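# Tertiary structure, described
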Amino acid sequence: MTEATILPNAGISCGTAPNNRLVALEDTVSSEADNDAHLFASFLGLPGFAICLIALVPCGSPAQTSVPHDLGNDSLEDLMNIQVTSVSKKGQALSKAPSAIFVITQDDIRHSGATTIPDLLRIVPGVDVARTTANAWAISIRGFNFRYSGKVLVLVDGRTVYTPLFSGVFWDEQNMPLETIERIEVIRGPGGTVWGANAMNGVINIITKSAAKTYGSVVSVVGGSQGTAEGLIQYGGSAGAQGSYRIFGRYTMNGNSPPLVDRPAVDAAHTSQIGFRSDWKPSVHDKLTVQGDLFGTSESQTVTTLFSNRLPNYYTFDDKVRAGTGNLLGRWNHVFGKGSETTLQMYYDRSRRFDQGLATLNTSDVDFQYHFRVGTRNDIVTGLGYRLTDQSTTNGYAVSFNPDHRRDNLYSVFFQDEVKLTDSVAVTMGIKLEHNAYTGIEYEPSMQLAWSPTSRHTVWVSASKAVQQPSWVYAEAQVDAAALPLPGGGFGIYQLQGGPQAAPRVYDSELGYRTELSRRLTLDATVFVSKYDRLQTFDPQPPFFILNPAPPHLVLPSVFANFGKATNYGTEVSAHWEVAGWWRISPGLSLVRASLSQAAGGKDPAFATTAGDSPARQAQLRSNMNLAHTVEWDISAYYVGVLTTGPVPPYTRLDTRLGWHIGKAVEVSVAGQNLLTPRHLEFFDGQQVVPTQVGRGVVGRLTWRR
């Protein structure tokens, strides 16, 4: 067993079960979670929710009408020169960025017909998106996929959304209105120099629209098969002469999925969310942003698990998931007279989640950045940051923490210099230093060289190191992972135990080529080699016999260790072809190969199976057509290769969308999803949560803007 097959649920099964009946345990802990979720507006009823939002909408006409900008009407040259910020924490044209970066625009979001961020990420070559249940996802970049992949850093407007409990992401909590997203920048490959730990295999940076771009009212209603429904109310307007604001409220639900086993699937969910954003320009040199939201979800899942106080029996039952989160972020940007600028960002994030146990996380973060030039050749970005995390857990099913509370500090500083050697050649060198509570000081250097012989061609090469910060689970958890009968009677418990940690790290080398071959054809290609060490393994320890908890049994312990090594190599290719002024085709391909081994002393018998959690081949093909001035027809096809873990057969997914714009105010669309087969499996969790299948479906959307 490896981190890819055990640790996700280990990260959320917190504490041992009390000595009472199973039903009582579920009711007691669920009630506690429900009460706290109400504190975060987690379970607002839809009627009252809608009334509150309507009451907040001011009367009268807004300062301007919100008409979405359609990038599909721009040339490919314009798309290649979209300004991105995720590579160097400063604006630069996509065509010149020395990194394997892919941008999902608002136009891509609309044409996709997707209703969730994970489904949107399917269009990015090299990103592995697999649905475990209707609300649980396994998402990674360049391999090492599992339910809460810890090697991809996810941010929303500069706020990290991973949990340090296991250094992963609860994707069901990243359920924002797609209408408010300006773009999603996806870096394939390390981004540790500017973003820090956990940006090991990539960065997914979700950037929302400025409030100044969302004046007016938006009402959107979604309905579809399998119980899919969504309602969104949004309003934006001016706040004085120099300010703007946006408020929104959203409710979503999904029904149960097609089951994988004989018993009916239970993975329905209801979510509620309210949020705001305000942007101000108090002077010609200053910009101020304040934003926040409250989110709550009520979900179901089927689990099969041990109970540490009722060994050795397994229990399969329908489990409740409750989560309430809230965050508040402020950002101030000041531009000096000579063009240099500073950015100060602070945020507070709180979450409580009952998911086979109750976990609470409070995060306070402050980040300062200074961007300036020295002469005509050096473009420098530097900064420092501090983060305080406060975590606690209460009783759960098969996992315990001792102690059950932890407070950690993270300090960081980084420096990056882009040196323009000639008009066509630039080299970027940087390093980030971080001090974490588990392994002390870690450093993450990088260097990129970009050569642009003409304005249409860029060749780049990079070398970098990145690390994954150890988590509380690996350091201090105790997991009763499996029970097995012993010869002659009795039973043994396979137990995982926390231990001293080393930070997993990767040394990555890449070569890329990005070109505008003509005004109708662009190409982006990357080849990479990534060498990993200190990967998570389980180190078997001598067995021992214990009397408590009863009945007496044998313990077969393994300690979380870092003996794993791997070499990944592959390629990613994407293109855009403007077949005609009304038709665009966008193909993509990714190939990844992995070779795993263990360092001297490594004895994990299942480590090699980690490679089977990700496909070796993936492909995408998207077609967007404007059949008339107001009608759009989109087709998307996705191929995902076999997963040997499970195993999960390869599958091809076909989606289509038909959209109709009725004037500037109304948009109607109908999307068909997974049309080729009635249902298919995408990922085998291999743990407590019983996976479900993805079914064929249809979704309709009606959007009104004023």
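Residues numbered from 1 in each chain as written. Predicted model: local features only at pLDDT ≥ 70, side-chain atom pairs only at ≥ 80, totals over all residues. Heavy atoms only, no water.

Across its full length, the protein chain holds eight helices and 37 strands. Taking all 706 residues of the protein chain together, 60% fall into the buried category. A fraction of 65% describes how many contacts in the protein chain between residues 6 or more apart in sequence connect residues 24 or more apart. Within the structure as shown, the protein chain displays about 27100 Å² of accessible surface, and the carbon and sulfur contribution to it stands at 62%. (Helix = DSSP H or I, 4+ residues; strand = E, 2+ residues; numbered from the N terminus. Buried < 20%, exposed > 50% of the residue type's maximum accessible area, 1.4 Å probe, protein only. Contact = heavy atoms within 4.5 Å. Areas by Shrake-Rupley, 256 points an atom, 1.4 Å probe, with all protein chains shown as cover.)

Overall, mixed pairing links the five strands, which are arranged 3-8-9-6-7 in an open sheet. This sheet does not close on itself; its edge strands, each paired only once, are strand 3 (100-105) and strand 7 (159-160). Across five bridges, strand 6 (residues 152-156) lies against strand 9 (residues 202-208) in parallel orientation. The partner of Val-154 across the bridge, within strand 9, is Ile-204. (Pairing = 2+ DSSP bridges.)

Quick look at the pairing of strand 14 (residues 286-306) now. Burial within strand 14 is extensive, with 15 of its 21 residues counted as buried. Taken together, the 13 bridges between strand 13 (residues 269-283) and strand 14 define a ladder with antiparallel strand orientation. For Ser-278, the partnering residue across the bridge sits in strand 14 and is Val-290. Where strand 13 folds back onto strand 14 in an antiparallel hairpin, the turn is made up of two residues. With 21 bridges joining them, strand 14 and strand 15 (residues 314-335) adopt antiparallel strand pairing. Paired with Glu-299 across the strands is Val-321, a residue of strand 15.

What follows concerns the nonpolar core. Grouped together as the largest cluster of nonpolar side chains are 44 residues, with contacts concentrated most on Leu-121, Trp-171, Ile-184 and Ile-204. Those elements that place two or more of their residues in this core are strand 3, helix 6 (117-120), strand 4 (127-131), strand 5 (137-141), strand 6, strand 8 (181-188), helix 7 (192-195) and strand 9. The dominant element in this core, judged by the number of residues it contributes, is strand 6, at five residues. Judged by nonpolar contacts, the second largest core, of 20 residues, contains Tyr-474, Ala-475, Ala-481 and Tyr-494. (Core = buried A, V, L, I, M, F, W, Y, C linked by side-chain atoms within 4.5 Å.)

Moving on, we get to the pairing of strand 22 (residues 440-454). Looking along a regular strand, one sees the side chains alternate between the two faces of the sheet. Pairing of strand 21 (residues 425-436) with strand 22, which is carried by twelve bridges, proceeds in the antiparallel orientation. Bridge pairing links Ala-426 to Ala-450 in strand 22. Turn length for the strand 21-strand 22 hairpin, with the two strands adjacent in sequence and antiparallel, is three residues. Relative to strand 23 (residues 457-467), strand 22 runs antiparallel, the two being bridged by seven bridges. From the neighbouring strand, Leu-449 faces strand 23, where its bridge partner is Val-461. Where strand 22 folds back onto strand 23 in an antiparallel hairpin, the turn is made up of two residues.

With respect to the element layout, Thr-289 can be found in strand 14. We classify Thr-289 as buried; its relative accessible area is 8%. Setting aside anything within four residues of it in sequence, one finds Thr-289 in contact with Arg-277, Ser-278, Asp-279, Leu-329, Gly-330 and Arg-331.

A few words now on the environment of Ser-590. Structurally, Ser-590 is set in strand 30 (residues 583-598). C-alpha separation for the pair Ser-590 and Val-573, spaced 17 residues apart in sequence, amounts to 6.4 Å. Once you skip the residues sitting within four places of it in the chain, Ser-590 turns out to touch Pro-125, Gly-126, Thr-571, Glu-572, Ala-616, Arg-617 and Gln-618. Here Gly-126 takes part through its backbone nitrogen, which lies 3.4 Å from a polar atom of the side chain of Ser-590. (Polar contact = N/O pair within 3.5 Å; in protein donor to acceptor, adjacent residues only side chain to side chain.)

Attention now moves to a nonpolar patch on the surface. Together, Phe-368, Leu-384, Val-413, Phe-415, Ile-431, Leu-433, Ile-441 and Tyr-443 give the surface a local cluster of nonpolar side chains, amounting to about 720 Å² of exposed area. Looking at the nonpolar patch, the elements with two or more residues in it are strand 20 (405-420), strand 21 and strand 22. With respect to the helices, strands and loops of the structure, Leu-384 is situated in strand 18 (residues 378-396). (Patch = residues over 30% accessible without salt bridge, like charges linked within 9 Å, V, L, I, M, F, W, Y side chains within 5 Å. Salt bridge = Lys/Arg side-chain N within 4 Å of Asp/Glu carboxyl O.)

In this structure the tally under the stated criterion is 13 aromatic pairs. Residues Phe-307 and Phe-317 carry aromatic rings whose centres are separated by 6.1 Å and whose planes lie at 40 degrees to one another, so their mutual orientation is tilted. Separated by ten residues along the polypeptide, Phe-307 in the loop between strand 14 and strand 15 and Phe-317 in strand 15 bring together distant segments of the chain. Note on Phe-317: relative accessible area 8%, which makes it buried. Seen from the ring of Trp-195, Lys-89 lies directly overhead, with NZ or CZ sitting 4.7 Å from the centre. In this arrangement the basic side chain of Lys-151 is found over the ring face of Phe-144, its NZ or CZ atom lying 5.1 Å from the centre. (Phe/Tyr/Trp six-rings, centres within 6.5 Å; stacked < 30°, edge-to-face > 60°. Lys NZ or Arg CZ within 6 Å of the ring centre and 35° of its normal.)

With the exception of glycine, most residues fall at negative phi, and the peptide bonds are largely trans. Geometrically, the link from Leu-311 to Pro-312 is a cis peptide bond, its omega value of 5 degrees lying close to zero. In this fold, Pro-312 is placed in the loop between strand 14 and strand 15. The residue after Gly-646, namely Pro-647, is reached through a cis peptide bond having omega -10 degrees. By secondary structure assignment, the location of Pro-647 is in the loop between strand 32 (631-640) and strand 33 (651-662). One non-glycine residue, Arg-142, lies in the positive phi region at around 60 degrees. Take Arg-142: it is sitting in the loop between strand 5 and strand 6.

On to the environment of Gly-191. With respect to the helices and strands, the residue Gly-191 is situated in the loop between strand 8 and helix 7. The buried category is assigned to Gly-191, whose relative accessible area is 10%. A sequence separation of 105 residues divides Gly-191 from Ser-86, and the C-alpha atoms of the two residues are 8.5 Å apart. Not counting the four nearest positions on each side in its chain, Gly-191 is found in contact with Gly-196, Ala-199 and Val-203.

Per-residue pLDDT for the protein chain has a mean of 88; in total, 89% of the residues score no lower than 70. In the model, residues 1-73 has pLDDT below 50 throughout and makes 193 contacts with residues more than four positions away in sequence or in other chains. (pLDDT = per-residue confidence, 0-100.)

A word on the environment of Asn-436. Within the element layout of this structure, Asn-436 appears in strand 21. The spatial distance from the C-alpha of Asn-436 to the C-alpha of Asn-409 is 6.5 Å, given a sequence separation of 27 residues. When near neighbours in sequence (up to four residues on either side) are disregarded, Asn-436 contacts Asn-409, Leu-410, Glu-442 and Gln-469. One polar contact links the side chain of Asn-436 to the main-chain amide nitrogen of Thr-439, over a distance of 2.7 Å.

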